Amino acid sequence: MAVVLSVSGSPSRTSRTTRLLRHVDARLAARGHEVVPFEVRSLPAEALLAGDVSHPEIAAALELFAQADGVVIGTPVYKAAYSGLLKTLLDVLPQYALTDKAVLPLATGGSTAHVLAVDYALRPVLSSMGAGHITQGWFVLDRHITVREDGVTVIERETDVLLTPVVDGFASALERRGELAVAR
């Protein structure tokens, strides 16, 4: 069983990105992985913006990354790139915080014009941080994530069908990583 840190880089309290991540988290948990949900917006803004790694909450966030076997990074797309909030967190992390980790990049947005943000904006920075294996990322249109009156998140069926192999590929990368660690 791998430990997966599921990071939402959305500044919104009612975030579709976070809802998508919790949907993915449930799938990973069903495969036996321990999932730790984390919302960057929960960090104290002043400490985050100052890059104060000695602040207890920032230090705790850094430790979450250090302890994770894999990381799911979710972001809304703003101006064809990942959120400024996520950028601020990535700037605070050590240069090689993702070394030897499987990483799944996910993004949400209002238009298919932003579909390439996963590969052209987010993937390069994750790679520069030493990610051991960045799996196929995925972009989901906001309108394909809805919330019923009872608060349950619904992912549009066709989107969910397409998302399944992406999540399975990430889970498989985690499982292979675990097998390699045991073999050593």
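Source: prediction; values computed, not measured.

Novice: Any chance you could explain the overall build of the protein chain here in plain terms?
Specialist: The number of helices and strands found in the protein chain is 6 helices and 8 strands. Put simply, the protein chain runs from its N terminus to its C terminus through helices and strands in the order β-α-β-α-α-β-α-β-α-β-β-β-β-α. The globule rule puts the C-alpha radius of gyration for 184 residues at 16 Å, and the 16 Å found for the protein chain is close to it. Each principal axis of the C-alpha distribution contributes one length, and for the protein chain these read about 45 × 40 × 35 Å. When burial is assessed residue by residue, the protein chain has 43% of its 184 residues classed as buried. Put simply, of all contacts in the protein chain between residues at least 6 apart along the chain, 78% involve residues at least 24 apart. Split by element, the accessible area of the protein chain, about 9,200 Å² in all, is 54% carbon and sulfur. For the protein chain, the distance from the average position of its 17 positive side-chain charges to the average position of its 20 negative side-chain charges is 4 Å.

Novice: Even after reading the chapter, I still don't get helix H3 (residues 56-67), so can you show me in this structure?
Specialist: An α-helical turn contains 3.6 residues, so a residue and the one three or four places further along point in the same direction. In this model, H3 (12 residues) spans 16 Å end to end at C-alpha, consistent with the 16 Å of a helix rising 1.5 Å per residue. Those residues of H3 that fall on the buried side of the exposure criterion are Ile58, Ala61, Leu62 and Phe65. Buried positions in H3, seen along its axis, are confined to an arc of 100° and lie on one side of it. Within H3, the exposed residues directed more than 90 degrees away from the buried face are Pro56 and Gln67. Looking at the packing, one finds that the buried side of H3 touches strand E1 (3-8), strand E2 (34-39), helix H2 (45-50), strand E3 (70-76) and helix H4 (84-92).

Novice: Would you explain the pairing of strand E4 (residues 102-109) in this entry?
Specialist: Where a strand is regular, its side chains alternate between the two sheet faces. Most of E4 sits out of view: 8 of its 8 residues are buried. Of the two faces of E4, the one lined by Ala102, Leu104, Leu106 and Thr108 and the one lined by Val103, Pro105, Ala107 and Gly109 are each fully buried. Where E3 meets E4, 7 bridges bridge the pair, whose relative direction is parallel. Bridge pairing links Gly70 to Ala102 in E4. Handedness of the β-α-β unit built from E3, H4 and E4 comes out right-handed. Where E4 meets strand E5 (residues 133-134), 2 bridges bridge the pair, whose relative direction is parallel. Looking across to E5, one finds that Val103 is bridged to Ile134. Here 4 bridges tie E4 to strand E6 (residues 138-141), and the two strands are oriented parallel to one another. Across the sheet, Leu106 pairs through a bridge with Trp138, a residue of E6.

Criteria and cut-off values
Residues numbered from 1 in each chain as written. Predicted model: local features only at pLDDT ≥ 70, side-chain atom pairs only at ≥ 80, totals over all residues. Heavy atoms only, no water. Helix = DSSP H or I, 4+ residues; strand = E, 2+ residues; numbered from the N terminus. Rg over C-alpha atoms; globule rule 2.2 N^0.38 Å. Buried < 20%, exposed > 50% of the residue type's maximum accessible area, 1.4 Å probe, protein only. Contact = heavy atoms within 4.5 Å. Areas by Shrake-Rupley, 256 points an atom, 1.4 Å probe, with all protein chains shown as cover. Lys, Arg positive; Asp, Glu negative; His and termini not counted. Charge placed at Lys NZ, Arg CZ, Asp CG, Glu CD. Expected span 1.5 Å × (residues − 1). Arc of directions from axis to C-beta. Pairing = 2+ DSSP bridges. Right-handed = clockwise from strand over helix to strand, strands pointing away.

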